[in-house]
Amino acid sequence: MSFSVFCDDFYSFWHAIYNTRIAVWFQVLRNFLQLLQPFFCGIFSIMNKELLALSYSMKKRFQRKVVFFVVYFLSIFVVLNLIINFVFYSYKTKSYSMSPDIPAGSCIIFNGLDKNPSRGDVVLMNERTKESKGMGVKVLDLLVSFFTFGQVTPSKLLGEMGKEELIRRVVGLPGDEVSMIDYKLYIKPKGEKHVFSEFELTSKTYNVDVRPYPAVWDMEVGVSGYFDPIILGDDEYFVLGDNRISCVDSRIWGPVKKSEIKASALFQFYPLDKIKAF
């Protein structure tokens, strides 16, 4: 055997051994990975469950926050509506019945908790005439009034005189003897012997409109500027508009009951040049 042949055989032998070793190593590595497969699958499964749990938890927290903010703002909305509709009333005058101090278009806040007016107080009165409303109208009034904070009531948009809330000034208290001469009210309080003008008995400052009427004015037409003394009952108040020449008030209706008084004025915030507290 020549040396070259020996070298070729030796190379072939070691090449075969080398290839066999690689194949064996690959087989060993494959078997090892197969052994580790359940372990890694378990780890990835746990990780996926944790991610899913974390995602679900974040979703639930987000949902709770959304519900909280919805309930929070809805609660504020409801509370404000309850306050505006049952505690503090915002009223806009539509006539000149309380001029000159409260002209048409004035905006006033009333306190619904104060239903025991003093002499000279401006009060918000319930509707003078009550008409039965259908259930549909009542529900519509309630919903629109709720979502507009009491500023709009459909059934009152076409309201007529006496079919809507009014504001007037309390000038006579229970037990008073009241009379009017030339559109000015005179009062003899209960237990007193003397008669006073309405301005002498109150600390409230206000003006009344008693513009001179023409000499040919028929005093029987319109609201009278004269009436004989009348005595108010235990639960009766005499209310007048500050515009004594043109206003419907106790001279037409007669005295009003306390139950007819809805609230007392707190302050006037419009027009800006007439802002004041009552």
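Quick caveat: nothing in here was measured; it's all calculated off a predicted structure.

Rules used in this analysis
- Residues numbered from 1 in each chain as written.
- Predicted model: local features only at pLDDT ≥ 70, side-chain atom pairs only at ≥ 80, totals over all residues.
- Heavy atoms only, no water.
- Helix = DSSP H or I, 4+ residues; strand = E, 2+ residues; numbered from the N terminus.
- Buried < 20%, exposed > 50% of the residue type's maximum accessible area, 1.4 Å probe, protein only.
- Areas by Shrake-Rupley, 256 points an atom, 1.4 Å probe, with all protein chains shown as cover.
- Polar contact = N/O pair within 3.5 Å; in protein donor to acceptor, adjacent residues only side chain to side chain.
- Contact = heavy atoms within 4.5 Å.
- Phe/Tyr/Trp six-rings, centres within 6.5 Å; stacked < 30°, edge-to-face > 60°.
- Salt bridge = Lys/Arg side-chain N within 4 Å of Asp/Glu carboxyl O.
- Pairing = 2+ DSSP bridges.

Trainee: Got a minute to help me understand the overall build of the protein chain in this structure?
Mentor: When you go through the protein chain residue by residue, the secondary structure sums to four helices and 12 strands. For the protein chain, buried positions account for 30% of its 278 residues. As displayed, the protein chain offers around 18500 Å² of accessible surface, 66% of which is attributable to carbon and sulfur atoms.

Trainee: Looking at this structure, I do not really get the side chain of arginine 169. What am I missing?
Mentor: Looking at the secondary structure, you find arginine 169 in strand β4 (residues 166-172). Separated by 2.8 Å, the side chain of arginine 169 and the backbone oxygen of glycine 120 make a polar contact. When sequence neighbours within four positions are dropped, the list of residues in contact with arginine 169 reads Met98, Gly120, Asp121, Val122, Tyr206, Phe238, Val239, Leu240 and Asp242.

Trainee: Looking at this model, I keep getting lost on unusual backbone geometry. Mind explaining?
Mentor: Backbone phi values are negative for most residues with the exception of glycine, while trans is the configuration of most peptide bonds. The omega torsion across serine 99 and proline 100 is 15°, close enough to zero to call that bond cis. Considering the arrangement of structural elements, one finds proline 100 in the loop between β1 (88-92) and β2 (107-111). With an omega of 0°, the peptide bond between tyrosine 270 and proline 271 qualifies as cis. Unusually for a residue other than glycine, aspartate 182 sits at a positive phi of about 55°. Given the relative accessible area of 30%, aspartate 182 is considered partly exposed. Unusually for a residue other than glycine, tyrosine 183 sits at a positive phi of about 70°. Among the secondary structure elements, tyrosine 183 is positioned in the loop between β5 (177-181) and β6 (184-188).

Trainee: Would you take a moment to explain the packing of aromatic side chains for this structure?
Mentor: Centre-to-centre distance and the angle between the planes together describe a pair of aromatic rings. Under the criterion given, the structure shown has eight aromatic pairs. Taking 5.3 Å as the distance between ring centres and 75° as the angle between the ring planes, the aromatic pair formed by tyrosine 72 and phenylalanine 73 counts as edge-to-face. By relative accessible area, which is 43% here, tyrosine 72 ends up partly exposed. Here the aromatic rings of phenylalanine 199 and tyrosine 206 are separated by 5.2 Å at their centres, their planes lie at 40°, and the arrangement is tilted. Classification of tyrosine 206 as buried rests on a relative accessible area of 6%.

Trainee: What exactly am I supposed to notice about the pattern of salt bridges here?
Mentor: It is possible for side chains bearing opposite charge to pair when their charged atoms get close. Across all of its chains, the model carries seven salt bridges by this definition. Residues lysine 262 and glutamate 165 are paired through a salt bridge, measuring 2.3 Å at the closest nitrogen-oxygen approach. Within this pair, whereas lysine 262 is found in strand β11 (residues 261-270), its partner glutamate 165 is found in the loop between α3 (154-157) and β4, the two being separated by 97 residues in sequence. The residue glutamate 236 makes a salt bridge to lysine 257 at a minimum N-O spacing of 3.9 Å. Of the two residues, glutamate 236 sits in strand β9 (residues 236-240) while lysine 257 sits in strand β10 (residues 256-257), which places them 21 residues apart along the sequence.

Trainee: Before we go on, may I ask you to explain the sheet that holds strand β7 (residues 196-197) in this structure?
Mentor: Whenever strands of a sheet pair, they do so through backbone hydrogen bonds, lying parallel or antiparallel. Reading across from one edge, β7-β6-β5-β8 is the order of the four strands in this open sheet, with antiparallel pairing throughout. At either end of the open sheet lies a strand with only one pairing partner, and these are β7 and β8 (227-231). Where β6 and β7 come together, two bridges link them in antiparallel fashion. Within β7, the residue paired with isoleucine 187 across the bridge is phenylalanine 196.

Trainee: When you look at the pairing of β6 in this model, what are you seeing that I'm missing?
Mentor: Regular strands show a simple pattern: their side chains alternate between the two faces of the sheet. Side chains Leu185 and Ile187 project from β6 onto a buried face, and the interleaved Lys184, Tyr186 and Lys188 project onto a face without burial. With antiparallel pairing between neighbouring strands as the criterion, β5 and β6 make up a hairpin whose turn holds two residues, including aspartate 182 at a positive phi of roughly 55°.

Trainee: Just checking my understanding: could you explain the side chain of aspartate 121 for this structure?
Mentor: Among the structural elements, aspartate 121 can be located in the loop between β2 and β3 (122-125). Polar contacts involving the side chain of aspartate 121 include one to the main-chain amide nitrogen of serine 118, which spans 2.8 Å. The contacts of aspartate 121, once residues within four sequence positions are left out, are Arg168, Arg169, Val170 and Lys204.

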